[in-house]
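# Remarks on the overall topology
Take a look at the letters that make up each chain.
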Amino acid sequence: MAAVMNSVMEKLADLMGEEYEKHKTMRRDMAFLRDELRSMDAVLKKLAEAEEELDLPTVEWRNQVMDMAFDIEDSIDGFIHQVGDDANTGDAGFIAKIRHYVSELRARHHFTNQIQELKTRVIQVSERRKRYKTDEGSSRSRCVAVDPRVTALYTDAGNLVGIDGPTDELISLLEERGCASLQCLRVVSIVGFGGLGKTTVANEVYRKLGGQYNFKAFVSVSQRPDLLKLLNRIISKVGMPQLNHTIEVEDLIENVREYLKDKRYFLVIDDIWDASVWEILRCAFPDNQRGSKVITTTRIETVAKACCAYRREFIYRMKHLDDQNSTKLFFSRVGYACAQPLIEIADEILQKCGGLPLAIISIASLLASQPARSREQWKFVCSSLSSNLRTNPTLEGMRQVLKLSYNNLPPHLKTCLLYIGMYPEDHSIEKEDLVRLWVAEGFVGKLHDQDAEEAAGSYFNELVNRSMIQPTYTNYNGEVLRCKVHDMILDLIRQKSEEENFLRVIDNIHDIATSLQSRVRRLSLHFGFGASQGPTAAASLSMSHIRSFALFGNTCFMPPISEFKYIRVLNLKDWRSDGDDSIDLTPICKLFELRYLNVSREARLPARIRSLKRLETLDLDKLDGDVPSDIVELPCLLHLLVPYGKRLPDGICAMKSLRTLRSFDVGVNSVDNFKGLGELMNVKDLWITCTGTVPQQGIKDVLWSSIGKLISCKLRALTFPHFGPVNLPPPVAESDCLTISLTESNLEILAVSSTMFPQVPSWIGQHHKLSELSLTVNVLTQDDVDLLAQLLNLYHLELNIRKSLKERILIHSGAVAFPVLKYFTLSCFAPWLIFDTGAMPNLQTLRLNHHGRGLKRYGRFILEGIAHLLNLKEVHVVIFNGYSNGKARPGTTVADAEATYRNAINEHPGQHSIKVEVTLFCLVLTPPAFIYDSDEGEVVEESQ
């Protein structure tokens, strides 16, 4: 809501500027609209902060205001675009001036009429608010639901399912690990999504350990706690005498602190929503060296960190129930007698519950309350689970847990979360895509020092921290790169979106026309097979008001692109079709407000797209034809992603705003573009590919020179993907251009799989911010490894060695030797390594790709000291037993390899918990990087 209101008020202010000084009537109307919308915006913000549900008249008034704001902005955008286009006409002389003057008069006349109509609407909406007093007493009167945490406190331990593991782990955190002395105050924080059972586990630990403490208390915190009442409850429960006179928070804290200073106490502070609340409460809990314990629970990661003084080892993250415990909990509520006939439907229901204990209990209770237990009835409940969650009183507890999490979000995060409703259930969402979509939609406000996409990235992380979205892929640096949304949160999002007319999701082609009557601005179509009637239905639809459109599934349905007059976002990344025809995107040149275009199907673009002045992201997986010749003239283009093998137009040096370029193909681009690449000073992410002829040495030097300039600016990620036999040669000498201004290098990711260096370049050691590195080298020496070990931020390392190691490589220990490395891949003839005591102290995953003959040659010495990798969790081995010179050779068996690696980790203190996985390839069609055996001087693998 705030995004469009802020945007339209800024544009109204612009129309009141000096450029429109002579149009006094228009300026007056703009001032009236601005002032009215400003007053309405203040009321909208007040309503957004209300915890209670709004009554229907207020909801209707709010939606009318938002619809009106969208229409005002559309009118302004259309007017500015038309006047601007006429001003930039290519005609010359007197005739051109006459045409421009006449066209501008028409545009102003049309715009004036639109504004008068909008002004009338504003007056009507304002009077309606006064007439019905929509902002007074706008909450729906309803019964207050019982806090579902209450039942968790009084559940018999024998009825709890899947709680033994978390309870034991939590007790271990409280009593065994961490501080040098167990007598110091220990604070452990439980964090997790609402409904995961944090309160239940905390209460079970409290029940088990509470008897060891004479002074104990279990108190729950609300979203906006009254600290006086909260502290008084603690006073009451620990047995402290009540204070009879009125007292301030500071005095209560001092009294509690004084009372507990010589006592051994055990406290559970349940459901903290704000770190500042904890910072106040903790002042009352003295560290008196008597072995006192405090457990806190929260849904928010940052709060959990604050509670345990940012000691990650004392954060316990609640996990979802596994399938076995989910089934056990479910049937413990509905009864085991009906298990077998309905087990298939039960599995489907449990999938929707996603391992959330509260959801399982709520839905099982709903089913248990049904008078009969038939397959048809359970199937009906399963298929209508979303609507049941909204309306059935039995599910009120689950509903309140979800709403509590949503209501606690600040307005900007609510908007960003609602937008995720565009995606289908269980869809894996890329953080990179979502961040760019939020920016394109205008959800990220103007900031002084922070880039808009960086701010949007922090929004994403905040939603993860608040357990509103679930990570599905996290890199070894702890950054969440993909996520999804729990089905029940998604249903809440969709419900709120419908209430606010924020977006609409349609999965039936016949519902489109009805849905569009509500003037929804964001539309997401989720179609499967069989939507072949699409083209006929699409022709009659009016889409001119749509701001954001997404299409998911396999369908031939697609509304005419020319209908999307004011569209900002066109997301066709997950649109599939059985047809082989490319999609015709030539009409996009008329979409003057388009900011984001992402297409996975083969697409045909217009020859010229200079009219897309606001385009920020152009992401094309396949392209039918050439890249538009005037793409270099787009002033706002930030991210350009085109298929391999596509030549960029000359003049890319003009694309000063560009931050992402994937890919720049050196086999097809011009020398002019090789030079121009070095002038793109804002590029942060660059992919260099080579699908054609490798450039000559002189041209190659120009390329490396340009890359060197970018590295000295803002370049964070440089990638040379592997392209089989066509490889790009490295710089000629160590003095080559990558050494320019290395002390100021921001390079964090360097992947040069398609370039083979003679050995690890010495300049690598000067890129101190490198966190991910992938290199292909001819040989590897001890000095090379020692050089890489000095990269203090390196957490991901991949080394491809073309020739077998001439000496055993020692991985040293020490404070500056691979201190944060968590992922290590080594591809070579044989991994002849030895790990020193304390080496790679944080390594979790070790991947080895080598030849079967290498295993036979070095035998048990292939990997020594693996027991010193104390944090190792998994070892993945790929062994190639191929043909050599067309002749089959006796290979290594999986059993031999597994035995060798198992023997290597037999001395590891955590040997039983380390996963060892061995894969055998008997024929290699595309040769790996490690094809040479330098000892025998022959090719081990050849391309077939």
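Above this text is the structure in question.
The structure presented is a predicted model; accordingly, all values stated were derived computationally and were not measured. (Residues numbered from 1 in each chain as written. Predicted model: local features only at pLDDT ≥ 70, side-chain atom pairs only at ≥ 80, totals over all residues. Heavy atoms only, no water.)

## Thoughts on the sheet that holds strand β28 (residues 863–864)
Worth spelling out the cut-off: Paired strands are those between which DSSP finds at least two bridges. Counting from the N terminus, the helices are DSSP H or I runs at least four residues long and the strands are E runs at least two residues long.
Pairing is parallel across the open sheet formed by 3 strands, whose spatial order is β24-β26-β28. Only two strands of the sheet have a single neighbouring strand rather than two, namely β24 (809–811) and β28. Here 3 bridges tie β24 to strand β26 (residues 833–835), and the two strands are oriented parallel to one another. What sits directly across from I811, in β26, is F835.

## Description of the packing of aromatic side chains
Geometrically, a pair of aromatic rings is defined through the distance of the ring centres and the angle of the planes. Stated formally: Each Phe, Tyr or Trp ring (for Trp, its six-membered ring) is paired with any other whose centre lies within 6.5 Å, and the angle between the two planes then decides the class: stacked below 30 degrees, edge-to-face above 60, tilted in between. Per-residue accessibility, obtained with a 1.4 Å probe over protein chains only, is compared with the maximum for each type, and a residue is labelled buried under 20%, exposed over 50%, and partly exposed between these values. Here, a charge over a ring is recorded when the distance from Lys NZ or Arg CZ to the ring centre is within 6 Å and its angle to the ring normal is within 35 degrees.
Inspection of the entire model under this criterion finds 17 aromatic pairs. Taking 5.0 Å as the distance between ring centres and 40 degrees as the angle between the ring planes, the aromatic pair formed by F549 and F564 counts as tilted. Residue F549 is located in strand β11 (residues 548–554), and its partner F564 is located in the loop between β11 and β12 (569–572); the two are separated by 15 residues in the primary sequence. Judged on exposure class, the residue F549 and its partner F564 are both buried. Here the aromatic cluster, defined as three or more aromatic residues joined through ring pairs, consists of Y206, Y213, F218 and F266. Positioned above the aromatic ring of Y259 is the side chain of K263, whose terminal nitrogen or guanidinium carbon lies 4.2 Å from the ring centre. The side chain of R601 reaches across the aromatic face of W575, ending 4.2 Å from its centre.

## Considering the environment of D701
Positionally, D701 belongs in helix α25 (residues 697–711). On the basis of relative accessibility, which here comes to 29%, the residue D701 falls in the partly exposed class.

## Observations regarding the state of the cysteines
To be explicit about the condition: Here, a disulfide means two cysteine sulfur atoms that sit within 2.5 Å of each other.
Applying the stated criterion across every chain yields a total of 0 disulfides. Note on C308: no disulfide assigned, nearest cysteine sulfur contributed by C307 at a separation of 7.2 Å. Overall, C308 belongs to the buried group, its relative accessible area being 4%.

## Focus: helix α15 (residues 375–383)
Let me state the cut-off plainly: Taking the helix axis as origin, the arc is that swept by the directions to the C-beta atoms.
Inspection of α15 places Q377, W378, V381 and C382 among the buried residues, and these make up the whole buried set. When α15 is viewed along its axis, its buried side chains cluster within an angular range of 135 degrees and face the same direction. Exposed residues lying more than 90 degrees from the buried face of α15 are E376, F380 and S383.

## What to know about the pattern of salt bridges
Condition: Within this document, salt bridges are pairs made up of a side-chain nitrogen of Lys or Arg and a carboxyl oxygen of Asp or Glu, the two lying within 4 Å of each other.
Tallied over the entire structure, the rule returns 29 salt bridges. Where K656 meets E679, a salt bridge forms, and the shortest distance between an N and an O atom there is 3.5 Å. Taken together, the residues span a long stretch of sequence, with K656 in the loop between β17 (639–641) and β18 (660–665) and E679 in the loop between α24 (671–677) and β19 (685–689) at a distance of 23 residues. For K656, a relative accessible area of 42% translates into the label partly exposed.

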